[in-house]
Structures are given as C-alpha cells and as structure tokens.
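Each chain, letter by letter, is given below.
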Amino acid sequence: DERRGRESGVARKVSGRRCERFAVTIGKVPGMVQTAGGDMALIANKVPGMVPVNVGEYHKLAKAKLPAMVYGYYASGADDMQTLQDNEDAFKRLRFRPRVLIDVSAQDLSTVILGSSSAFPLVLAPTAMQRMAHPEGELATARAAARAGVPMTLSSWSTTSLEDVMSAAPNGHKWFQLYVYKDREITLQLVRRAEAAGYRAIALTVDTPRLGRREADIKNQFALPSHLTMANFASVDPSAEQGKMDKTSGSGLAAYVAGLIDQSLSWKDIAWLKRNTRLPILAKGIETGEDAAIALEAGCAGIIVSNHGARQLDGVIATVDALEEVVQAVRGRIPVLLDSGVRRGTDIVKALALGASAVMIGRPYVWALATAGEEGVLHVLQLLQNEFALAMALCGCVKVSDIKREMVIRDVYAPHDVKMQLKSKL
C-alpha cells in the first residue's frame with residue numbers, strides 16, 4: 001500500500017551514494033541502531049531534493065504534502081498560538097555548561113520508564129488520527145518505534161484499533177492514552193482491551209474537559225475524512241457514536257469532544273480508574289507543582305508535563321519552564337516526563353538536566369510519517385537519538401545518569417517569574 005498508494009508519484013532520481021544506508025560514528029552505544037535512519041533508498045525515493053537531516057526539514061516536507069485541513073489539524077495551536085512558539089523557544093533560553101576531558105568513547109543511552117525499556121530517554125506521545133497523514137498510520141508508527149527500541153503511546157482517537165497496532169509490532173513496548181467519556185462503560189472497555197492486548201501503562205489526559213479553540217480547525221471545518229473512523233470504537237461497533245465525527249460549520253472535533261467527553265472528570269476519578277485497572281496511570285497535562293503533588297497523593301505512577309502541544313490554553317507557560325516546579329513537587333517518588341516543544345537531541349539533554357526522566361514527541365514523528373511512512377518515523381527517531389548521543393558526549397556524559405542539573409543554566413531572556421521562583425526553591 002505504501003508503494004502503490006498516494007505516494008507512488010513522489011519518486012525522485014537519487015545518486016547511489018544517497019541511497020546507501022550509512023553508519024554513524026559515535027562509539028559503542030548499547031541498544032542503539034547504528035545507522036542514520038531507516039532505509040535511505042525508500043526515504044530518498046519519497047522526498048524531493050536531499051534526504052531530511054533534522055525535524056525542521058521533515059516539517060517543511062510534510063506541510064508541502066498534506067492537505068490543508070490535515071496539516072492545519074496537526075500543526076496548529078490554540079488562539080494566537082503564543083504557547084506553540086514558546087514551547088520551542090523556551091529550550092533556546094537554556095544554555096549548556098559542558099564538562100571536558102571525559103572518556104566518552106563508549107556511551108549507554110538506554111533507560112527504563114515505568115518498566116518500559118527505551119533505547120534512549122524518549123517515548124512517542126499519543127497523536128490522533130494518524131492515517132490522515134499516511135495510509136498505514138499508527139501501524140507504520142508502531143513498527144518504526146519497535147525497530148528504534150522506544151515505547152509508543154497510542155491515542156484513544158487512533159484510526160487503527162489498539163489490537164491491530166499491538167499485532168503490527170508485538171515486541172514493542174506500548175502505552176495507551178485515555179480520554180474519559182461520559183459513557184464510563186465505554187471508557188472501561190478501552191482500558192480492559194488495552195490490558196488484554198499487552199499495553200503497559202495508561203496515560204490519562206487531564207487537561208481536556210473542553211477542546212481548546214483551534215482556529216485552523218474552525219476555518220477548515222475539520223472533520224475526520226469519510227474513509228476513516230475512530231477505530232477503537234468503530235472496530236467493535238460500527239454504529240457507535242464515539243467512532244464517528246460529523247462535519248459541522250466549525251470544528252468537528254470540538255463538537256465531538258463537547259458531546260462525548262466527560263467534563264466532570266476530577267481527582268476522585270483517579271481512584272475510580274485505579275480500581276478498574278492494574279496498569280500504572282500517568283497524569284498527562286500537568287504544569288504546576290500544586291497539581292503534581294495532588295497527582296502523587298492520588299496514586300498516579302507518573303506525570304507527563306504537557307500543555308497538549310499548545311492546543312488547549314494559549315498563554316500557558318512552556319512545558320520546559322514548568323518542568324522543575326513539577327519535579328520538585330514529586331521529590332523523585334515518581335517519574336516525570338516532558339512533552340511539547342522537543343525538536344532536537346539537545347532539547348532532550350536539557351529536559352533531563354532539569355529533572356525529566358524522559359521526553360515525549362508528537363509532531364516530529366507525524367511529519368516524518370507523512371513524508372516517508374515507517375522509514376521516515378524510524379529515520380527521525382534515529383536523528384534525534386544521534387543528536388542526543390552527540391550532545392551527551394560534548395557535555396561529558398557517558399550514561400543518562402551523568403546528566404546533572406548544573407549542566408544547564410537559564411539565559412538572561414528567561415521569564416523573570418520562572419527565574420525568581422526557581423532561585424527561591426533551589
């Protein structure tokens with residue numbers, strides 16, 4: 001399907017040298033795939049010009065390829081998209097203090113997060129409706145994540161059923177992202193199916209009682225293309241309202257959330273969910289120390305510092321600016337992951353220096369998926385892994401635990417409130 005579908009006309013002539021799989025020279029790194037990414041011939045045949053060398057180049061290629069409605073859904077943030085830009089800019093306000101003359105000839109990038117091993121400290125964030133980006137959608141992503149050795153988080157709003165995604169890459173570690181529906185039995189059915197299929201954790205989204213105002217979706221009258229469904233529901237009952245998204249005069253997704261998602265979700269429902277699953281629960285969407293402390297007390301096994309890719313409340317602080325406050329609130333008792341804004345391997349080092357156990361990425365792998373399918377996702381993961389290994393080496397780090405707080409400082413352009421708050425706490 002990948003070769004005969006909509007991408008069939010994208011092939012370009014490339015030199016033999018560009019088509020080769022080429023090795024990277026970063027020393028012996030346990031668990032690391034020793035190539036610069038995927039099948040380079042397949043990638044080169046699917047993109048015009050040179051093979052992408054960073055996330056930004058994949059973004060440009062995906063923008064040129066995707067229909068306006070689909071691109072607008074993936075790319076846009078809420079309202080004026082102030083936070084969308086700040087999520088990335090906040091990383092640029094952090095500066096390294098590298099150490100030198102340390103033997104970094106043999107690095108170990110691997111880590112374990114809530115029992116899930118990862119080749120480096122990265123987990124794929126849940127991204128909805130991936131078959132809008134590529135015919136194989138979540139299946140291609142799952143296979144690439146398994147090949148790269150990183151966990152994948154599947155969205156409740158997947159266009160492929162959770163069972164089919166697991167079957168596509170049974171050896172890859174997977175988490176399941178959960179929205180709580182007004183119909184609580186529908187919600188629990190998802191949880192039970194995820195358990196039965198072998199998913200290892202539940203990432204409970206806690207920041208979406210209502211959908212943020214995404215103007216691109218309003219202008220484009222966003223709706224799920226007619227040949228696709230919310231497969232986690234439609235695969236069980238084709239008539240289920242949760243499996244459909246009708247076209248409206250505005251955002252079809254906003255109407256879907258308003259009609260079906262439970263706005264009454266509260267902290268007491270953590271206990272309800274824990275009674276109904278043996279899987280560890282991560283609270284996804286926390287940005288304050290106060291909420292982090294409550295999540296810990298409520299029994300959450302982990303926290304994902306996230307502002308939903310800047311798609312909910314515009315003007316909220318960047319996630320990397322919120323990270324230390326959350327880390328300090330949980331006092332090392334549960335892992336804290338950082339989502340939103342990661343575009344470089346150096347960003348991963350910065351997040352870990354500020355206390356994150358790992359980072360999550362969403363848009364970067366969607367751009368790669370849209371551009372080159374499974375091989376594109378694998379390639380972008382390996383680009384980030386190689387950047388991470390290089391940044392670690394240049395900071396004098398051999399293993400992940402060598403990354404320390406003193407290796408990163410905030411520059412003069414960091415928000416005053418963030419600097420003063422952290423100064424008082426540190």
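As shown above, the structure is provided for reference.
Residues numbered from 1 in each chain as written. Predicted model: local features only at pLDDT ≥ 70, side-chain atom pairs only at ≥ 80, totals over all residues. Heavy atoms only, no water.

Novice: Before we move on, can you summarise the overall build of the chain with the specific residues and values?
Specialist: Looking only at helices and strands, the chain has 17 helices and 12 strands in total. Put simply, the chain has 426 residues, and 58% of those count as buried. Taking the intrachain contacts of the chain between residues at least 6 apart in sequence as the baseline, contacts between residues at least 24 apart amount to 74%. Counting only carbon and sulfur atoms, one obtains 53% of the accessible surface of the chain, whose full area is about 17400 Å². (Helix = DSSP H or I, 4+ residues; strand = E, 2+ residues; numbered from the N terminus. Buried < 20%, exposed > 50% of the residue type's maximum accessible area, 1.4 Å probe, protein only. Contact = heavy atoms within 4.5 Å. Areas by Shrake-Rupley, 256 points an atom, 1.4 Å probe, with all protein chains shown as cover.)

Novice: Explain the pattern of salt bridges to me, using residue names and the numbers behind them.
Specialist: Inspection of every chain in the model, using the stated rule, returns 21 salt bridges. Linking Glu136 and Arg143 is a salt bridge whose minimum nitrogen-to-oxygen distance equals 2.7 Å. When the shortest N-O distance is used, the salt bridge between Glu195 and Arg278 registers 3.6 Å. With Glu195 in helix H8 (residues 184–197) and Arg278 in the loop between helix H12 (268–275) and strand S8 (281–286), this pair connects stretches of sequence that are 83 residues apart. One salt-bridge network, in which partners are shared between bridges, spans Asp86, Arg93, Asp321, Glu324, Arg405 and Arg410. (Salt bridge = Lys/Arg side-chain N within 4 Å of Asp/Glu carboxyl O.)

Novice: Run through the side chain of Asp262, naming residues and quoting values.
Specialist: Within the secondary structure, Asp262 sits in the loop between helix H11 (252–260) and H12. Engagement of the side chain of Asp262 in a polar contact is seen with the side chain of Arg184, the distance being 2.9 Å. If we ignore the near neighbours within four places in the chain, the residues touching Asp262 are Val180, Tyr181, Lys182 and Arg184. (Polar contact = N/O pair within 3.5 Å; in protein donor to acceptor, adjacent residues only side chain to side chain.)

Novice: Run through H8, naming residues and quoting values.
Specialist: An α-helix turns once every 3.6 residues. As a result, residues three or four positions apart point the same way. Helix length check: H8 (14 residues) gives 20 Å between terminal C-alpha atoms against 20 Å at 1.5 Å per residue, within 8%. Within H8, the full set of buried residues consists of Ile186, Thr187, Leu188, Leu190, Val191, Arg193, Ala194 and Glu195. The N-terminus of H8 is capped by Asp183, whose side-chain oxygen sits 3.1 Å from the backbone nitrogen of Glu185. Where H8 terminates, the next one or two residues include Gly198, which has phi positive at roughly 105 degrees. (Expected span 1.5 Å × (residues − 1).)

Novice: Break down the packing of aromatic side chains for me, citing the residues and quoting the values.
Specialist: Each aromatic ring pair is summarised here by two numbers: the centre-to-centre distance and the angle between the ring planes. Using the criterion set out here, one finds nine aromatic pairs in the structure. Judged by centre distance (5.8 Å) and plane angle (90 degrees), the rings of Trp157 and Tyr256 are edge-to-face. Taken together, the residues Trp157 in the loop between strand S5 (152–154) and helix H7 (162–168) and Tyr256 in helix H11 connect sequence positions 99 residues apart. The two residues Trp157 and Tyr256 agree in class, both being buried. (Phe/Tyr/Trp six-rings, centres within 6.5 Å; stacked < 30°, edge-to-face > 60°.)

Novice: Pulling in residues and values, what's your account of the layout of surface pockets?
Specialist: The computed volume of the largest pocket comes to approximately 390 Å³. Listed by contribution, the elements that provide at least two residues to the lining of the largest pocket are helix H3 (55–65), helix H5 (82–92) and helix H16 (363–394). In terms of residue count, the dominant contributor to the lining of the largest pocket is H5 (five residues). Of the residues belonging to the lining of the largest pocket, the class tally is six nonpolar, five polar and seven charged. (1 Å grid on protein atoms, 1.4 Å probe; cavity = no way out; pocket = protein on both sides within 12 Å on 5 of 7 lines; lining within 4 Å. Points joined across faces, edges and corners; volume = space filled by probe spheres on them. Nonpolar A, V, L, I, M, F, W, Y, C, P; charged D, E, K, R; others polar.)

Novice: Before we move on, could you go through the pairing of strand S6 (residues 174–178) and cite the residues and values that matter?
Specialist: Of all the five residues making up S6, five are buried; the element is thus mostly covered by neighbouring parts of the structure. In this region the chain leaves S5, passes through H7 and returns to the parallel neighbour S6; the handedness of that crossover is right-handed. Where S6 and strand S7 (residues 202–205) come together, three bridges link them in parallel fashion. Opposite Leu178, over in S7, you have Leu204 as the bridge partner. (Right-handed = clockwise from strand over helix to strand, strands pointing away. Pairing = 2+ DSSP bridges.)

Novice: So what's going on with unusual backbone geometry? Residues and values would help.
Specialist: Positive phi, close to 50 degrees, is recorded for Leu114, a residue that is not glycine. With respect to the helices, strands and loops of the structure, Leu114 is situated in the loop between strand S2 (111–113) and strand S3 (116–118). Judged by relative accessible area, Leu114 falls into the partly exposed class, the value being 27%.

Novice: Hey, could you go over empty space enclosed by the protein for me, with residue numbers and the actual values?
Specialist: Inspection of every chain in the model, using the stated rule, returns one cavity of 30 Å³ or more. The computed volume of the largest cavity comes to approximately 430 Å³. Contributions of two or more residues to the lining of the largest cavity are made by helix H4 (68–75), strand S11 (358–361) and H16.

Novice: Outline the pairing of S7, supporting the account with residue identities and numerical values.
Specialist: Of the two faces of S7, the one holding Ile202 and Leu204 and the one holding Ala203 and Thr205 are both buried throughout. Following the backbone out of S6, through H8 and into the adjacent parallel S7, one traces a crossover that is right-handed. The sheet contact formed by S7 and S8 spans four bridges and is parallel. In the strand pairing of S8, Ala203 is matched with Leu282.

Novice: Break down the environment of Val359 for me, citing the residues and quoting the values.
Specialist: Checked against the element boundaries, Val359 lands in strand S11. Val359 sits 19 residues away from Ser340 along the chain, and the two C-alpha atoms are 8.5 Å apart.

Novice: How would you sum up the nonpolar core? Please name residues and give values.
Specialist: Core analysis: the largest hydrophobic core is formed by 120 residues, its most contacted members being Leu122, Met129, Trp157, Leu253, Tyr256 and Phe388. The element best represented in this core is H16, accounting for 17 residues. The contact partners of Leu253, leaving out residues within four places of it in the chain, are Tyr73, Met129, Trp157, Leu211, Arg214, Phe222 and Met245. Judged by nonpolar contacts, the second largest core, of 11 residues, contains Ile113, Ala203, Leu282 and Ala358. (Core = buried A, V, L, I, M, F, W, Y, C linked by side-chain atoms within 4.5 Å.)

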